[in-house]
Amino acid sequence: MRITIAAVGRLRDAVLRAPYDDYVGRLGWSVALKEVEEKRKLTGPERMASESRLLAEALPAKAVVVALDPRGKTLSSEDFAAQIGRWQDDGVAELGFVIGGADGLAPDWRRNARLVLSLGAMTWPHMLVRVMLAEQLFRAQSILSGHPYHRA
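Residues numbered from 1 in each chain as written. Predicted model: local features only at pLDDT ≥ 70, side-chain atom pairs only at ≥ 80, totals over all residues. Heavy atoms only, no water.

A short note on the nonpolar core
Part 1 of the reasoning: Membership of the largest hydrophobic core comes to 31 residues, with the highest contact counts inside it found for Ile5, Phe97 and Leu137.
Part 2 of the reasoning: Looking at this core element by element, the count peaks at eight residues for helix 5 (residues 126-145).
Part 3 of the reasoning: Residues Met48, Val98, Trp109 and Val116 belong to the second largest nonpolar core, which totals 15 residues. (Core = buried A, V, L, I, M, F, W, Y, C linked by side-chain atoms within 4.5 Å. Buried < 20%, exposed > 50% of the residue type's maximum accessible area, 1.4 Å probe, protein only. Helix = DSSP H or I, 4+ residues; strand = E, 2+ residues; numbered from the N terminus.)

Shown next as C-alpha cells:
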C-alpha cells in the first residue's frame, strides 16, 4: 500500500521535521508528503476553496481518502490499525490523508472522504498533525505486525 499525505503549508521547522522523518523512515509502507500552498491573499472561504483544489491535485486519482478534521470520528490506535488492515485486505493500493490549513478543510472533503478522522477534541497546529499522523501510521503498522512498539 502506498500512502500520500496531502497537507497545506510547508513543514520547515527542523524540530518537527525530525520526528516526522523518523516515523516515516521506519514504515514499511511507501509514504509521500505532498505539501501545497496558496500564496495569494484570499478571504477565508476563497483560500479554503483554492487549498481544496490544490489538495485534490496532490492525491493519486484512485486513493481512498481520509480527511483529518476535528469534527471527524475519533478512533483508538487499535481501531485505526484495524481499519488500515481492512483496507489492505481489500486490496487498497493508494491511501490518501488530507490535512487542511489554518481555516480547515472545505466541506466537500468531509462529505466525500471514506473516513473523516479526528485526532481529538483539541485544536492542533496543522504542522504538528503531520507528526502525529506519521506516529499513528507507524503504530498501526506495529499493531498489525505484532511488533512490541504498541503496548496498550
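A few points about the sheet that holds strand 2 (residues 30-36)
Part 1 of the reasoning: Strand order in the open sheet made by the five strands is 2-1-4-3-5, with parallel pairing throughout. Single-partner strands in this sheet number two, and they are strand 2 and strand 5 (115-118). Averaged over all pairs of adjacent strands, the angle between strand axes in this sheet comes to 30°, irrespective of strand direction.
Part 2 of the reasoning: Sheet topology places strand 3 (residues 64-74) next to strand 4 (residues 94-99); five bridges connect them, and they run parallel. Within strand 4, the position partnered with valine 64 by the bridge is leucine 95.
Part 3 of the reasoning: The strands touched by helix 1 (residues 14-26) within the sheet are strand 1 (2-8) and strand 2, with strand 2 carrying the most contacts at an inclination of about 150°.
Part 4 of the reasoning: Along the sheet, helix 3 (residues 77-89) makes contact with strand 3, strand 4 and strand 5, crossing strand 4 at roughly 140°. (Pairing = 2+ DSSP bridges. Axes fitted to C-alpha atoms, helices over the stretch in contact; angles between N-to-C directions. Contact = heavy atoms within 4.5 Å.)

Here we look at helix 5
Part 1 of the reasoning: The end-to-end C-alpha distance of helix 5 is 29 Å, a good match for the 28 Å that 20 residues give at a rise of 1.5 Å each.
Part 2 of the reasoning: Looking one or two residues past helix 5, glycine 146 carries a phi angle of roughly 75°, positive in sign. (Expected span 1.5 Å × (residues − 1).)

Description of the layout of surface pockets
Unoccupied space between atoms shows up once a probe the size of one water molecule is rolled over them.
Part 1 of the reasoning: Estimated volume of the largest pocket: approximately 340 Å³.
Part 2 of the reasoning: Contributing to the lining of the largest pocket are 19 residues, with Leu68, Asp69, Pro70, Trp124 and Val129 lying nearest its centre.
Part 3 of the reasoning: Within the residue set of the lining of the largest pocket, elements represented by two or more residues are strand 3, strand 5 and helix 5.
Part 4 of the reasoning: Counting residues per element, the lining of the largest pocket draws most heavily on strand 3, at three residues.
Part 5 of the reasoning: When the residues that make up the lining of the largest pocket are grouped by side-chain class, the tally is 10 nonpolar, seven polar and two charged.
Part 6 of the reasoning: The calculated volume of the second largest pocket comes to roughly 180 Å³.
Part 7 of the reasoning: As for the second largest pocket, its lining consists of Thr74, Leu75, Ser76, Phe80, Leu117, Ser118, Leu119, Gly120, Met132, Leu133, Glu135 and Gln136.
Part 8 of the reasoning: For the lining of the second largest pocket, the secondary-structure elements that each account for two or more residues are strand 5 and helix 5.
Part 9 of the reasoning: With four residues, helix 5 is the largest single contributor of residues to the lining of the second largest pocket. (1 Å grid on protein atoms, 1.4 Å probe; cavity = no way out; pocket = protein on both sides within 12 Å on 5 of 7 lines; lining within 4 Å. Points joined across faces, edges and corners; volume = space filled by probe spheres on them. Nonpolar A, V, L, I, M, F, W, Y, C, P; charged D, E, K, R; others polar.)

Interpretation note: all reported values are geometric properties and have no functional meaning in isolation.
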